[in-house]
Amino acid sequence: MLHPFGRLFGLGDKPESENNRKEEEYNPDEVIQVPVERVQPNRYQPRAIFNSEKISELAQTIHTHGMIQPIVLRHIDEDNYELIAGERRWRAVQTLGWETIPAIIRDMNDSQTASVALIENLQREELTVIEEAVAYAKLLEIHELTQEALAQRLGKSQSTIANKLRLLKLPESVQQAVMDKQITERHARALIAVKDPEVQEKILGEIIERQLNVKQTEERIKALTEPKPKKKKPTLKGVNKDMRIAMNTIRQSLDMVRDTGTDLETDEQDHDDYYQITIKIPKKKG
């Protein structure tokens, strides 16, 4: 019943303790009825969002056709179990009010349990991109793999793994917006280019409020993050030394005024017969 990818992560290996068991004491393929109330969710479950409508649809299917595939559990203690695979089925059965659920009991350690839960969900392709990224990060940690090695084991490109993992560097609010489908993965990837978390939050608000598409988002990011070109001042070529000294003195004086906190607006124009400096000093309100 293990996923075919299981053997790539060493999940098909039997624990050493199992070698000493007699076959009749432990049958990993035996389906038994387990009390629903004694089952606990998988602590390593990568899926954070369970669509209640889809759970109801699954419950109706189970009610009509029965449980076609048993869930997979492991013992927590003598009387209680933890889910390894099949949480959606377990949730659906709970809504039906079943007292027991068909299950297969596996003898797995924490890393094996986590891997099965992550891989099962990844192969279903129903996770949000953030949940998928979290699953990749956990697999890298559990098995101490490089991104390239993980990509090979999952049959994906290394760039795919890397691009997903970059999303986890975004602020929690941005990640949550992706999970809630308020923005797309492409929106989120565009926000990675913004280094300031506060600016990321600001742009996120604009995307949601103004319903910006990806191109509009990229243009907004460019407007906020790229430095504005400074207006070039005339070079004062072709004027005599006294004029240059006068102009430089005026400019220095204006800079000193700006240093006091006054917001000056200046404009310099070089005409044929004269040099013009326009200074605007805004009136303070209040």
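Above this note sits the structure.
Residues numbered from 1 in each chain as written. Predicted model: local features only at pLDDT ≥ 70, side-chain atom pairs only at ≥ 80, totals over all residues. Heavy atoms only, no water.

Caption draft 1: Fine view of the overall build of the chain. Along its length, the chain carries 12 helices and seven strands. Put simply, the chain has 286 residues, and 36% of those count as buried. Contacts in the chain between residues far apart in sequence, at least 24 positions, make up 66% of those at least 6 positions apart. Total accessible area on the chain is roughly 18,600 Å²; 46% of this is exposed by carbon and sulfur atoms. (Helix = DSSP H or I, 4+ residues; strand = E, 2+ residues; numbered from the N terminus. Buried < 20%, exposed > 50% of the residue type's maximum accessible area, 1.4 Å probe, protein only. Contact = heavy atoms within 4.5 Å. Areas by Shrake-Rupley, 256 points an atom, 1.4 Å probe, with all protein chains shown as cover.)

Caption draft 2: Looking closely at helix α8 (residues 172-179). For α8, every residue scored as buried is listed here: Val174, Gln175, Ala177, Val178 and Met179. Packed against the buried residues of α8 are α5 (129-143), α9 (185-191) and α10 (197-210). Looking one or two residues past α8, lysine 181 carries a phi angle of roughly 60 degrees, positive in sign.

Caption draft 3: Expanded view of a positive patch on the surface. Taken together, the side chains of Arg166, Lys169, Arg186, Arg189 and Lys195 define a basic patch exposed on the protein surface. Tracing the backbone shows arginine 189 in helix α9. Its relative accessible area of 39% is what places arginine 189 among the partly exposed residues. (Patch = residues over 30% accessible without salt bridge, like charges linked within 9 Å, V, L, I, M, F, W, Y side chains within 5 Å. Salt bridge = Lys/Arg side-chain N within 4 Å of Asp/Glu carboxyl O. Lys, Arg positive; Asp, Glu negative; His and termini not counted. Charge placed at Lys NZ, Arg CZ, Asp CG, Glu CD.)

Caption draft 4: Main features of the packing of α10 against helix α11 (residues 214-225). α11 packs onto α10 with a crossing angle of 145 degrees between their chain directions and a minimal axis gap of 11 Å. Seen along the crossing, α10 lies across α11 with a hand that is right-handed. Residues Val199, Lys202, Ile203, Glu206, Ile207 and Arg210 of α10 touch α11, and the partners they reach there are Thr217, Arg220, Ile221 and Leu224. (Axes fitted to C-alpha atoms, helices over the stretch in contact; angles between N-to-C directions. Left-handed = near helix turned anticlockwise from the far one by under 90°.)

That's the geometry; what it means functionally is another story.
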